[in-house]
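Single-letter residue listing:
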Amino acid sequence: MRRRRRRRAARIRRGIRVGMFACLVLIEASVGSAIMGARGTRQEADTEQQQIAAAPVMLQMPEKEDGSGRAGQALRTGRKTLVQTLSGWQQDSQGWWYACDETTNYINGWATIDGKNYHFDREGYRDTGWTAIGGEGCYFDEEGIYDPDADSSMLIALTFDDGPSKYTGRLLDLLENTGAKATFFMLGRQVEKYGSETISRMNELGCVIGSHSYDHTNLKEAGADTARQQFEQTDALIAQYNNGEGAQVIRFPYGEYTKELAVDTGRACIFWDVDSMDWDSQDAQAIKEKVSSSIDGGDIILMHDIYESTVAACEELIPQLQAQGYQMVTIEELAAANGYELKPGVTYFGFTDFEKERGTVTDEGREAPE
């Protein structure tokens, strides 16, 4: 639910920036057709009013544009309909929001309600789970209540490439039984074989679905046209089993990419900082030892769900890491817990304290790949 809202964030962000201007124009527009005539043709005025109506009209601007201050108050848009009382908590298909009165709701910031602290996103819906706010990771429980004591230091992201495969269902059983989550970077040719039996279940378990190209071509060598075609083809295959949506994140085959290729995907690109070497050893014990000896909070672990040995290793590794206090989350959750909102065209390498101190969490702090 929250992921769907994020995809509309760019449009809403622009609306918030012009909210104050929109409010003034709306007042001006209400004066009558005489003023409208002075502004141009009737058709132009109608178009302008439609654009204004699409953006939230702010009666009280959020304290800070990045949402780290007090929430603003916006006039309710058409899709937010009061279903309970004139004020208070309301729910629709997109989530929970709060009606300040019969015409306005909280938006883009913090609000204290009945002694509890909540945060509302740029569309006015309350946040849950890990959320990046003003460069900090904040955690909200299922009711949207802020938990200042939540600890992100033991979060890690398991990522699986090259699937799905005949072993992926077994891996999903493990994730369901342990409460762990993962991010899957899938090949289109594998989606053709196993997507129908795996992708919808990944969604149900709260996993993130990514693309790894159609057939594992080196896209840096193949060029932009081939890269675009491979990701579009894989998106179309994934969408059949993913509520009409393609991949949320991208990983380039072999980790070979350029900044231009990453930007062209229109999505965040994910690297890794721990390689399980499962593709080399294909030995469960070796895989388990490699990961457990290298792990640290904030790591992105590279694995492959096309090997039975990898799944067998995970069946021991995941409970072992959980017993040590680690929590396996999606790449989006790991980023948010560390204060990062995944940006299109940016490549992320890991969220350890070491990476953050060096400023190398993303490729924006690294030398561009040649």
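Caption draft 1: Structural detail: the pairing of strand β3 (residues 88–92). Burial runs high along β3: four of the five residues are buried. When β3 meets strand β4 (residues 95–99), the two strands line up antiparallel, connected through five bridges. Paired with W89 across the two strands is Y98, which belongs to β4. Where β3 folds back on β4, the antiparallel hairpin that results is connected by two residues.

Caption draft 2: Spotlight on the packing of aromatic side chains. Enumeration according to the criterion identifies 16 aromatic pairs in this entry. When the ring of F160 is compared with that of F184, the centres are 5.5 Å apart and the planes differ by 25 degrees; the resulting orientation is stacked. You can see F160 sitting in strand β10 (residues 155–161) and its partner F184 sitting in strand β11 (residues 182–186), a full 24 residues away along the chain. Classification of F160 as buried rests on a relative accessible area of 1%. Note on F184: relative accessible area 1%, which makes it buried.

Caption draft 3: Expanded view of the environment of Q60. Topologically, Q60 is positioned in strand β1 (residues 58–60). Residue Q60 is classed as partly exposed on the basis of its relative accessible area, which comes to 38%. Sequence spacing of Q60 and Y106 is 46 residues, and the spatial spacing of their C-alpha atoms is 9.4 Å. With near-sequence residues (within four places) excluded, Q60 lies in contact with A71, G72 and Q73.

Caption draft 4: Quick peek at the side chain of T360. Secondary-structure assignment places T360 in the segment after α15 (353–358). A relative accessible area of 9% means that T360 is categorised as buried. There is a polar contact of 3.4 Å between the side chain of T360 and the side chain of R358. In this view, T360 contacts F349, E355, G365 and R366; residues no more than four positions away in its chain are not counted.

Caption draft 5: Structural detail: helix α7 (residues 188–204). For α7, spanning 17 residues, the distance from its first C-alpha to its last is only 21 Å, which falls clearly below the expected 24 Å at 1.5 Å a residue. Its maximal kink placed at Y194, α7 deviates by approximately 90 degrees. Within α7, burial applies to G188, Q190, V191, G195, T198, I199 and M202.

Conventions used here
- Residues numbered from 1 in each chain as written.
- Predicted model: local features only at pLDDT ≥ 70, side-chain atom pairs only at ≥ 80, totals over all residues.
- Heavy atoms only, no water.
- Buried < 20%, exposed > 50% of the residue type's maximum accessible area, 1.4 Å probe, protein only.
- Helix = DSSP H or I, 4+ residues; strand = E, 2+ residues; numbered from the N terminus.
- Pairing = 2+ DSSP bridges.
- Phe/Tyr/Trp six-rings, centres within 6.5 Å; stacked < 30°, edge-to-face > 60°.
- Contact = heavy atoms within 4.5 Å.
- Polar contact = N/O pair within 3.5 Å; in protein donor to acceptor, adjacent residues only side chain to side chain.
- Expected span 1.5 Å × (residues − 1).
- Bend = angle between axes of the 7 residues up to and from the residue.

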